[in-house]
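Understanding the architecture of this molecule
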Amino acid sequence: MASGIYMPISEPGGRLLYSLVRAARPGLVVEFGTSYGISTLFLAAAVRDNGTGRVVTTELSAAKAAAARRTFAATGLDDVIILLEGDALEPLAALDEPAGFVLLDGWKELCLPVLRLLEPRLAPGTLVVADDVDMEELAPYLEYVRDPANGYRSLTFPYDEGMEISCRLRHRELRFSTGAHPGEQGHRRRKAQLALQ
Ligand SMILES: C[S@@+](CC[C@H](N)C(=O)[O-])C[C@H]1O[C@@H](n2cnc3c(N)ncnc32)[C@H](O)[C@@H]1O
């Protein structure tokens with residue numbers, strides 16, 4: 001298990017999260033790994049500016065959760081944030097509505113189990129973001145979301161430690177996510193297939 005060092009999202013990473021949530025306008029944002037709440041503030045500011053939605057965020061450490069709560073209250077964003085204290089796996093397994101945007105930033109070796117837990121509640125088009133792609137503990141997660149057979153279109157946003165942004169696909173879209181470049185013929189076939197859907 002990783003140590004408890006403080007690794008908040010960077011400012012460019014936070015700005016990217018803000019823009020993604022503004023664009024996606026999710027009803028429910030789920031965050032794994034609040035820490036002191038820096039990334040949560042970017043997510044919650046986007047939700048507030050969208051005028052709709054809320055952020056459910058999870059933190060194992062009671063001390064960090066308490067500090068994050070104070071920060072959320074001081075910024076006035078606490079009315080769009082629900083902080084669940086303790087191990088994220090149990091409450092996230094019990095979520096009773098779809099997650100419209102997911103940030104995975106808890107201990108890296110848990111990112112894949114948390115994603116698998118949330119998968120039944122990920123609608124097509126949902127963006128799942130994981131921070132720190134250069135950490136080796138994230139390798140199984142990256143292998144999973146980058147394998148088109150698992151139902152994601154995934155790309156790495158190259159800033160700082162890197163961010164993996166994965167879009168959940170519809171079942172019928174999976175056939176387009178295999179192969180490198182479809183070529184001109186493939187593009188025409190794909191266009192025709194999309195027109196039929
Ligand atoms: C990298 S920090 C999160 C940084 C935060 N997202 C930010 O940008 O400010 C990872 C956090 O995940 C929390 N964490 C690790 N395992 C967890 C679990 N099973 N459930 C909830 N939180 C967990 C740790 O306590 C730690 O505070």
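Described in the following lines is the structure provided in the data block. (Residues numbered from 1 in each chain as written. Predicted model: local features only at pLDDT ≥ 70, side-chain atom pairs only at ≥ 80, totals over all residues. Heavy atoms only, no water.)

What to know about the site of the ligand
Around the ligand there are 21 residues in total, and Ile9, Gly33, Ser39, Glu59 and Asp105 lie nearest to it. Here an oxygen atom of the ligand and a side-chain polar atom of glutamate 59 are 2.5 Å apart. Between the ligand and alanine 88 there is a distance of 2.9 Å, counted from a nitrogen atom to a backbone nitrogen or oxygen. When the ligand is considered free in solution it has 610 Å² of accessible area, and contact with the protein chains removes 98% of it. Of all the secondary structure elements, the ones that give two or more residues to the shell around the ligand are strand E1 (28-32), helix H2 (38-50) and strand E2 (54-59). For the shell around the ligand, the per-class residue count stands at 9 nonpolar, 7 polar and 5 charged. (Near = heavy atom within 4 Å. Polar contact = N/O pair within 3.5 Å; in protein donor to acceptor, adjacent residues only side chain to side chain. Areas by Shrake-Rupley, 256 points an atom, 1.4 Å probe, with all protein chains shown as cover. Helix = DSSP H or I, 4+ residues; strand = E, 2+ residues; numbered from the N terminus. Nonpolar A, V, L, I, M, F, W, Y, C, P; charged D, E, K, R; others polar.)

A look at unusual backbone geometry
Positive phi, normally seen in glycine, also occurs at arginine 25, with a value near 45 degrees. Inspection of the secondary structure assignment puts arginine 25 in the loop between helix H1 (11-24) and E1. Judged by relative accessible area, which is 45%, arginine 25 ranks as partly exposed. Unlike most non-glycine residues, aspartate 132 shows phi in positive territory, near 65 degrees. In this structure, aspartate 132 sits in the loop between strand E5 (122-131) and helix H6 (139-146). Overall, the relative accessible area of 6% leaves aspartate 132 in the buried class. (Buried < 20%, exposed > 50% of the residue type's maximum accessible area, 1.4 Å probe, protein only.)

Here we look at the pattern of salt bridges
Summed over the entire model, instances satisfying the criterion amount to 8 salt bridges. Measuring nitrogen to oxygen at the nearest pair gives 2.6 Å for the salt bridge that ties glutamate 97 to arginine 54. Of this pair, glutamate 97 sits in the loop between helix H4 (89-93) and strand E4 (99-104) while arginine 54 sits in strand E2, and the two are 43 residues apart along the sequence. What makes arginine 54 partly exposed here is its relative accessible area of 31%. (Salt bridge = Lys/Arg side-chain N within 4 Å of Asp/Glu carboxyl O.)

Some points on the packing of aromatic side chains
Geometry of an aromatic ring pair is reported as the spacing of the ring centres plus the angle between the planes. One pass over the full model with this rule turns up 2 aromatic pairs. Lying across the ring of tyrosine 152, arginine 168 places its NZ or CZ 4.7 Å from the centre. (Phe/Tyr/Trp six-rings, centres within 6.5 Å; stacked < 30°, edge-to-face > 60°. Lys NZ or Arg CZ within 6 Å of the ring centre and 35° of its normal.)

Remarks on the side chain of glutamate 31
For glutamate 31, the location among the structural elements is in strand E1. Lysine 108 provides the closest opposite charge to the buried, salt-bridge-free glutamate 31, at an N-O distance of 9.5 Å. What glutamate 31 contacts, discounting residues up to four positions off in sequence, is Ser39, Thr40, Leu43, Val56, Thr57, Thr58 and Leu103. (Lys, Arg positive; Asp, Glu negative; His and termini not counted. Contact = heavy atoms within 4.5 Å.)

Details of the nonpolar core
Residues Leu17, Leu43, Phe101 and Val129 are the most contacted members of the largest nonpolar core, which totals 26 residues. Of all the secondary-structure elements, those providing two or more residues to this core are H1, H2, helix H3 (62-75), strand E3 (81-85), E4, E5 and strand E7 (163-168). At 5 residues, the largest contribution of residues to this core is made by H2. Dropping the residues within four chain positions of it, leucine 43 is found in contact with Leu17, Val21, Val29, Glu31, Val55, Phe101 and Leu103. Counting 25 residues, the second largest nonpolar core, distinct from the first, contains Leu28, Val56, Leu92 and Leu138. (Core = buried A, V, L, I, M, F, W, Y, C linked by side-chain atoms within 4.5 Å.)

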